[in-house]
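The chain contents come next:
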Amino acid sequence: MRIAVAGMLMLGVVARAAMAQSPMDEGERLYTTICQGCHMSKGEGATGAGTYPKLAGNPLVASRQYVAMTVLMGRKGMPSFGTLPGLSAQQARMLASLTDEQIAAVVNYVRTHFGNDYKDPTTAKEVAELPHPGGKGSGRAG
Amino acid sequence: MNDQTDRVATSRRDLLRMIGVTAGASAMYQAMSTLGHAGESTYAGPPDLQGAPPGTSVLVLGAGIAGMTAAYELQKAGYKVQVLEFNNRAGGRNWSVRGGDSYTELGGERQDCQFDKDLYLNPGPWRIPYHHRGMLDLCRRLGVKLEPFVQVNHNAYLHNTEAFGGKPQRYRDVFFDYQGHVAELLAKAAHTSALDAEVSTEDKEWLLESLREWGTLDKDFRYVAGAHVSDRRGWKKARGGGLSARPTPSEVVSRHDILKSRLWAGIPNSFEYDMQTTIFQPVGGMGRVGEAFGRELGPIIKYQAKVTSITQDARGVTVMYDDLADGGAKKQAAAAWCVVTIPLPILGQIPMNVGPKLTTAIAAIPYASSIKVGLQFKRRFWEEDEQIYGGITYTNLPIGTIGYPNTDFQGRGKGVLLGCYIWGLAAMEFTSLTPEQRIQETLRQGARIHPQYPQEFDNGFAMAWHRSPFTMGCMGVWNDEARAEHYDNLCALDGRIVLAGEHASFMGGWQEGSVTSALDAIGRIHQRVVTQGSSKGAGA
Ligand SMILES: Cc1cc2nc3c(=O)[nH]c(=O)nc-3n(C[C@H](O)[C@H](O)[C@H](O)COP(=O)(O)OP(=O)(O)OC[C@H]3O[C@@H](n4cnc5c(N)ncnc54)[C@H](O)[C@@H]3O)c2cc1C
């Protein structure tokens, strides 16, 4: 697993072209290269002077909208991953912005791993209906 | 492939500018972009805090540069001060890792640093420019010696995997060839009537003359190889003395190749106000500042005290903390006033009865991701083989930066390089790796610039700031909207509580922001104390 992650890093930041052929599911890829930095490899979270909440067995993960909203908008130490209107692909990547498709994939990944077993996947369409950073209200500005 | 090319196109500066424009909510770099435009430090010498009723008490949370600056000045003015600090050392982000130190990041990965005696990595701050007067004064007052930090090394590299077959180019060559070609083009334009609407005949003469000097152009205003040009970009066959020493000029890289290489993107890094000479570093590591400060303050700092709640009422502020040196026992501290310098991702999780504006501001500021990897090598091959003494190499590889030690030049022993220094998505991806994987990845990539890596590597230390138990990030990320909406609220005195720190400044990511924010905050508390006449009056 750890080795696979190292491989992903290379794919992520050196040779992303190979990504398309990667057998790793998009949700897993995003989790292991981004979310895992804070929520840890088994979704167990971590505590020091403050806490990265666990996602494993976290009752709040029951709501797919809650998870999607958190990823989109961020809050406190949780960065916002929603794509701002008008970003180029390159900007979006540098800001670690994710598309609605990617957010749906990682939300579904989190809600079906680490002992979570929710049967109601979200979709890119549903994510698109939620408020996005820079936009007012729901829907997708720009 | 496309992605890779995109990355190549994107210099750090470009990004900063680009992100400044889009002002993204998750703009990892945005705060960095404001650094250069913050203007001179507002530091105006140690504050005058006379006149408070003797024994007025202040509790300071966090013993970083901000907290210790506040504590130091308040105590000198006769306040009764106590500092609560989570770590078992003073300094916070001001820190140097040395051989024998051990560090456990969030998630439990522990690193035992194996560096040789006197070698170190600055996982956080590493440079102090000449106009950060508060930091420089602090060093002077604490007796911390300074030495030059080499920001620009003409003999270090600019590297792009897509340019010159991936072979690193000397900064000097790119810098002068780029400048020469631009000068030549501008001279050409001036010689046609293209600029006639812009410059008078007389100005045009001056312009042409200046271009000739600036760009080392020849008598026909061409940028071509020759003695003149080699006096800047170096010679193909070196000059020397005696019969064997007749030099041969170096060749210049063509305009097309220079432009296409995109290596010019690495040049403006040193144009930033905060990157201009003279820049300093403390002798022995940046952590010397925090260490000296901790010694100076002595027993008023309570270490291993993890603050868990902050409550104010009309009479004062009560803070609950876990005493980690005493099995996590729940303890309490109280004072009339409280200066809170705890980084926002942590503070946002600590119950604190302040107004909704401050609470909202605390929750609105995310923290950037950053990685620094220190690599100890068996010998200083960058000096011995490549004549690189200090300074920085920039690359489009994810490792971003290679920093060479700015001290102990020509040392015979081992040396520690900064092998990776990055922000943004690449930093998040590195954060997701174990420390050992980060080091291996840094070695693998860096070997494309310094092939000596595999042979000479000894050991390493990898810092991922989002895994830092005491900050949960590198620095607060502000954008223009957040500034407009939250900055004043974040800094305002709320009853008996005031925030200070890097995040409460226009110099985010600089220690000077911590110093000046702390002085500003305690100045406002002092004002309130003096006008109320008593620390025990109904303040809130
Ligand atoms: C990678 C990197 C590079 C940088 N480069 C430079 C540079 O070259 N030059 C420069 O001047 N600046 C630089 N900076 C910025 C500089 O490090 C900071 O601006 C400055 O050190 C912050 O000081 P502070 O006192 O505001 O916060 P901190 O140093 O973070 O202090 C906060 C303190 O609060 C403590 N704390 C946290 N939670 C609790 C709790 N619950 N209870 C009790 N205590 C708690 C922490 O342990 C810490 O000691 C850099 C930073 C990073 C991360």
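Thresholds applied
Residues numbered from 1 in each chain as written. Chains lettered and ligands numbered in written order. Predicted model: local features only at pLDDT ≥ 70, side-chain atom pairs only at ≥ 80, totals over all residues. Heavy atoms only, no water. Helix = DSSP H or I, 4+ residues; strand = E, 2+ residues; numbered from the N terminus. Buried < 20%, exposed > 50% of the residue type's maximum accessible area, 1.4 Å probe, protein only. Contact = heavy atoms within 4.5 Å. Areas by Shrake-Rupley, 256 points an atom, 1.4 Å probe, with all protein chains shown as cover. Pairing = 2+ DSSP bridges. Axes fitted to C-alpha atoms, helices over the stretch in contact; angles between N-to-C directions. Salt bridge = Lys/Arg side-chain N within 4 Å of Asp/Glu carboxyl O. Parallel < 35°, antiparallel > 145°, perpendicular 65-115°, else oblique. Nonpolar A, V, L, I, M, F, W, Y, C, P; charged D, E, K, R; others polar. Phe/Tyr/Trp six-rings, centres within 6.5 Å; stacked < 30°, edge-to-face > 60°. Lys NZ or Arg CZ within 6 Å of the ring centre and 35° of its normal.

Visitor: So, the overall build of chain A: which residues are in play, and what are the values?
Guide: What chain A contains, in helices and strands, is six helices and two strands. Along its sequence from the N terminus, chain A presents helices and strands in the succession α-α-β-β-α-α-α-α. When the 142 residues of chain A are sorted by exposure, 52% land in the buried category. The contacts in chain A between residues at least 6 apart in sequence include a share of 53% that link residues at least 24 apart. Approximately 6,200 Å² of chain A is accessible, and the part contributed by carbon and sulfur atoms is 62%.

Visitor: Any chance you could break down the sheet that holds strand 18 (residues 337–340) of chain B for me, citing the residues and the numbers?
Guide: Residues and elements named next belong to chain B. Taken in spatial order, the five strands of this open sheet run 14-2-1-18-24, and their pairing is parallel. Bordering the open sheet on either side are strand 14 (301–302) and strand 24 (497–499), each of which pairs with just one other strand. Bridge count between strand 1 (residues 57–61) and strand 18: four bridges; the pairing is parallel. What sits directly across from Val 60, in strand 18, is Val 339. Strand contacts of helix 18 (residues 511–532): strand 18 and strand 24, with the helix running at about 170 degrees to strand 18, the strand carrying the most contacts.

Visitor: How would you sum up the pairing of strand 20 (residues 391–395) of chain B? Please name residues and give values.
Guide: On any regular strand, side chains alternate: one points to one face of the sheet, the next to the other face. Residues and elements named next belong to chain B. Counting buried positions along strand 20 yields five of five residues, so the element is predominantly enclosed. Side chains Gly 391, Thr 393 and Thr 395 of strand 20 all project onto a buried face; the interleaved residues Ile 392 and Tyr 394 project onto the opposite face, where all are buried too. Pairing between strand 9 (residues 157–159) and strand 20: two bridges, direction parallel. Considered in strand 20, the bridge of His 159 is made with Thr 395. Hairpin connection between strand 20 and strand 21 (residues 401–404): a loop of five residues separates the two successive antiparallel strands, and Gly 400 in this loop has a positive phi of roughly 75 degrees.

Visitor: Give me the pattern of salt bridges: which residues, what numbers.
Guide: Side chains that differ in sign of charge can pair as their charged atoms come close. Residue and element names in this part refer to chain B. In the structure shown here, the tally under the stated rule is 38 salt bridges over all chains. Note that Glu 105 and Arg 438 form a salt bridge whose closest N and O atoms lie 2.9 Å from each other. Taken together, the residues span a long stretch of sequence, with Glu 105 in the loop between strand 4 (102–104) and strand 5 (110–112) and Arg 438 in helix 15 (residues 435–446) at a distance of 333 residues. Residue class for Glu 105 comes out buried when judged on its relative accessible area of 3%. Here Arg 438 falls in the buried class, since its relative accessible area comes to 0%. Glu 291 serves as the salt-bridge partner of Arg 288, at 2.9 Å between the closest nitrogen and oxygen. A residue pair is termed a helical-turn pair when its members lie 3 or 4 positions apart in one helix, as Arg 288 and Glu 291 do in helix 10 (residues 287–297) at three residues. The class for Arg 288 is partly exposed, based on a relative accessible area of 34%. The exposure class of Glu 291 is partly exposed, given its relative accessible area of 27%.

Visitor: Give me the lowdown on the packing of helix 2 (residues 26–39) of chain A against helix 5 (residues 100–110) of chain A, citing residues and values where you can.
Guide: Residues and elements named next belong to chain A. At their nearest, the axes of helix 2 and helix 5 sit 8 Å apart, and the two run at 85 degrees to each other. In this view, helix 2 runs roughly perpendicular relative to helix 5, as classed from their interaxial angle. Residues Glu 26, Gly 27, Glu 28, Arg 29, Leu 30, Tyr 31 and Cys 35 of helix 2 touch helix 5, and the partners they reach there are Gln 102, Ala 105, Val 106, Tyr 109 and Val 110. Residue classes in the contact of helix 2 with helix 5 are distributed as seven nonpolar, two polar and three charged.

Visitor: An account of the packing of aromatic side chains is requested, with residue identities and associated values reported.
Guide: Two numbers describe a pair of aromatic rings. These are the distance of the centres and the angle of the planes. All names here are of chain B. This structure, assessed with the given rule, holds 23 aromatic pairs over all chains. Centre to centre, the rings of Trp 126 and Tyr 421 are 5.6 Å apart; their planes meet at 90 degrees, and the pair counts as edge-to-face. Placement of Trp 126 in the loop between strand 6 (120–121) and strand 7 (128–129) and of Tyr 421 in strand 22 (residues 415–423) is noted, with a sequence separation of 295 residues between them. Tyr 421 shares its class with Trp 126; the two are buried. Judged by centre distance (6.1 Å) and plane angle (80 degrees), the rings of Tyr 389 and Phe 409 are edge-to-face. With Tyr 389 in the loop between helix 13 (381–384) and strand 20 and Phe 409 in the loop between strand 21 and strand 22, this pair connects stretches of sequence that are 20 residues apart. Under the relative-accessibility criterion, Phe 409 is labelled partly exposed at 37%. Residue placement shows Arg 89 over the ring face of Phe 470; its charged tip is 5.2 Å from the ring centre.

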